[in-house]
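# Working through the structure, step by step
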Amino acid sequence: MKIARAVLVALAVLACSLSSLSCSREPVETGAKKKVVVGFSQIGAESAWRTANTESIKSEAAKRGMDLRFSDAQQKQENQIRAIRSFIAQGVDVITFSPVVETGWEPVLREAKEAGIPVILSDRTVDVTDDTLYASFIGADFVEEGRRAANWLVEATGGKAVIAELQGTPGSAPAIDRKKGFEEVVAQHPDMRIVKSQSGDFTRAKGKEVMEAFLKSPEGKDINALYAHNDDMAIGAIQAIEEAGLKPGKDIVIVSIDGVKGAFEAMMAGKLNVTVECSPLLGPQLMDTARAVLAGKTVPKRIVTKEGIFPMDVAAKEFPNRKY
Ligand code: AHR
């Protein structure tokens, strides 16, 4: 008897997977309300920003009683692709992910589309020719962040600076866009030069290591400004600058992006000059969008988060308000 029932269930599952008819992922009505199942592939835990982002998404899902299937890709695109395929196999209601790099997503996104599972991009975008492969992209305008960082530096230095740049993860949307926005402004100021530019992979350890190398290079003694694509790399670089016997924030003016608590502490200590905010608190918007998509509502293709800029002189006043 048991075997017969098992065979029947297997046949039903097979029929379901072969047919697109009446086999939605809606559960069999049991009387209880169905939990929305969200598959989320996170990049990893490279920075304080990322940790806050994970926490925001996890806590928002829990608050709303959603079933969040979380997967940490440990900075590897192949792990993210594997996780997305697994979400498809599990038949989740919606997939969301922060793409570690911009390119290479088309095939797996097509698989999700064919399975009828909507995808929402969180924090970072993808480079695809067919934008029907995702429902919405929620995150900051990274190009604008780069421009804001550069504009602040123009004001602070009177348009004269020898700049070192710590880039984010190669191929990632924030690294590409923050560089682009910054360079766009710097190009209008002939006395501003970027003399060193290398990836510090968005981590403190790499930021320190690369800054040490910058300072030891032939251009090292001329560097008087640092642009770091995130706060963690700036904090690592501050250590390298101090170990080289220089004063961060004075001998080298430092501008970075994110607005994490660690950056505010560095500003209060006079070691970091400004941070351009990039909010990781995407959980509420993400879950609102997931709900709307599942309800069949039209959602904006692009949702840009609102952000500020915090120079050193407002750090102490703002610090108590910081949530991440
Ligand atoms: O994609 C957002 C960036 O990724 C943040 O600036 C950085 O800290 C993170 O790791």
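Report on the accompanying structure.

With that out of the way, let us pick up the nonpolar core. Considering soluble globular proteins, one finds that nonpolar side chains tend to be buried as a cluster. Judged by nonpolar contacts, the single largest core of 50 residues is most densely connected at Ile163 and Met211. Tallying contributions element by element places helix H8 (residues 231-243) first for this core, with six residues. One finds Phe97, Trp105, Val119 and Val128 within the second-largest nonpolar core, a separate group that totals 21 residues.

Below, the discussion takes up the packing of helix H2 (residues 48-63) against helix H10 (residues 283-294). Between H2 and H10, the least distance of the axes is 8 Å, while the angle of their chain directions is 50°. Taken as axis vectors, H2 and H10 run oblique relative to one another. With respect to the hand of their crossing, H2 and H10 are arranged in right-handed fashion. Contacts between H2 and H10 pair Ser56, Ile57, Glu60 and Ala61 from the former with Gly283, Pro284, Leu286 and Met287 from the latter.

Right, let's get into the packing of aromatic side chains. Two numbers describe a pair of aromatic rings. These are the distance of the centres and the angle of the planes. With the rule as written, the count across this model stands at four aromatic pairs. Where Phe182 meets Tyr227, the ring centres are 3.8 Å apart and the plane angle is 10°; that geometry is what we call stacked. Here Tyr227 lies in strand E8 (residues 225-228) and Phe182 lies in helix H6 (residues 173-186), a separation of 45 residues in the sequence. Across the ring face of Phe70, the terminal group of Lys58 is positioned such that the distance to the ring centre comes to 4.2 Å. The residue whose ring lies beneath Lys301 is Tyr134, and the NZ or CZ to ring-centre distance is 4.8 Å.

Moving on to the pairing of strand E2 (residues 67-72). Examined bridge by bridge, strand E1 (residues 37-42) and E2 share six bridges and lie parallel to one another. Within the sheet, the bridge partner assigned to Gln42 lies in E2 and is Asp72. At this point the chain moves from E1, through H2, to the parallel E2, and the crossover so formed is right-handed.

On to the site of the ligand, then. Taken together, Glu46, Ser47, Trp49, Arg50, Asp123, Arg124, Phe142, Pro174, Arg178, Phe202, Asn230 and Asp258 make up all the residues around the ligand. At 2.8 Å from an oxygen atom of the ligand is found a side-chain nitrogen or oxygen belonging to Arg124. At 2.9 Å, a side-chain N or O of Asn230 approaches an oxygen atom of the ligand. Calculation on the ligand without its partners gives an accessible area of 280 Å², and the protein chains cover 100% of this total. Its atoms largely coinciding with the cavity grid, the ligand occupies the largest cavity. Counting only elements with at least two residues in the shell around the ligand, the list comes to H2 and H6. Residues of the shell around the ligand, tallied by class, amount to four nonpolar, two polar and six charged.

One open sheet accounts for six strands, arranged E2-E1-E3-E4-E5-E11; its pairing is parallel. Among the strands making up the open sheet, the edge pair consists of E2 and strand E11 (302-304). Recorded for the sheet is a direction-independent mean angle of 15° between the axes of neighbouring strands. Note: E1 against strand E3 (residues 94-97), four bridges, orientation parallel. Bridge pairing in E3 links Ser41 to Phe97.

Rules of the game
- Residues numbered from 1 in each chain as written.
- Predicted model: local features only at pLDDT ≥ 70, side-chain atom pairs only at ≥ 80, totals over all residues.
- Heavy atoms only, no water.
- Core = buried A, V, L, I, M, F, W, Y, C linked by side-chain atoms within 4.5 Å.
- Buried < 20%, exposed > 50% of the residue type's maximum accessible area, 1.4 Å probe, protein only.
- Helix = DSSP H or I, 4+ residues; strand = E, 2+ residues; numbered from the N terminus.
- Axes fitted to C-alpha atoms, helices over the stretch in contact; angles between N-to-C directions.
- Parallel < 35°, antiparallel > 145°, perpendicular 65-115°, else oblique.
- Left-handed = near helix turned anticlockwise from the far one by under 90°.
- Contact = heavy atoms within 4.5 Å.
- Phe/Tyr/Trp six-rings, centres within 6.5 Å; stacked < 30°, edge-to-face > 60°.
- Lys NZ or Arg CZ within 6 Å of the ring centre and 35° of its normal.
- Pairing = 2+ DSSP bridges.
- Right-handed = clockwise from strand over helix to strand, strands pointing away.
- Near = heavy atom within 4 Å.
- Polar contact = N/O pair within 3.5 Å; in protein donor to acceptor, adjacent residues only side chain to side chain.
- Areas by Shrake-Rupley, 256 points an atom, 1.4 Å probe, with all protein chains shown as cover.
- 1 Å grid on protein atoms, 1.4 Å probe; cavity = no way out; pocket = protein on both sides within 12 Å on 5 of 7 lines; lining within 4 Å.
- Sits in = over half its atoms within 2 Å of the grid points.
- Nonpolar A, V, L, I, M, F, W, Y, C, P; charged D, E, K, R; others polar.

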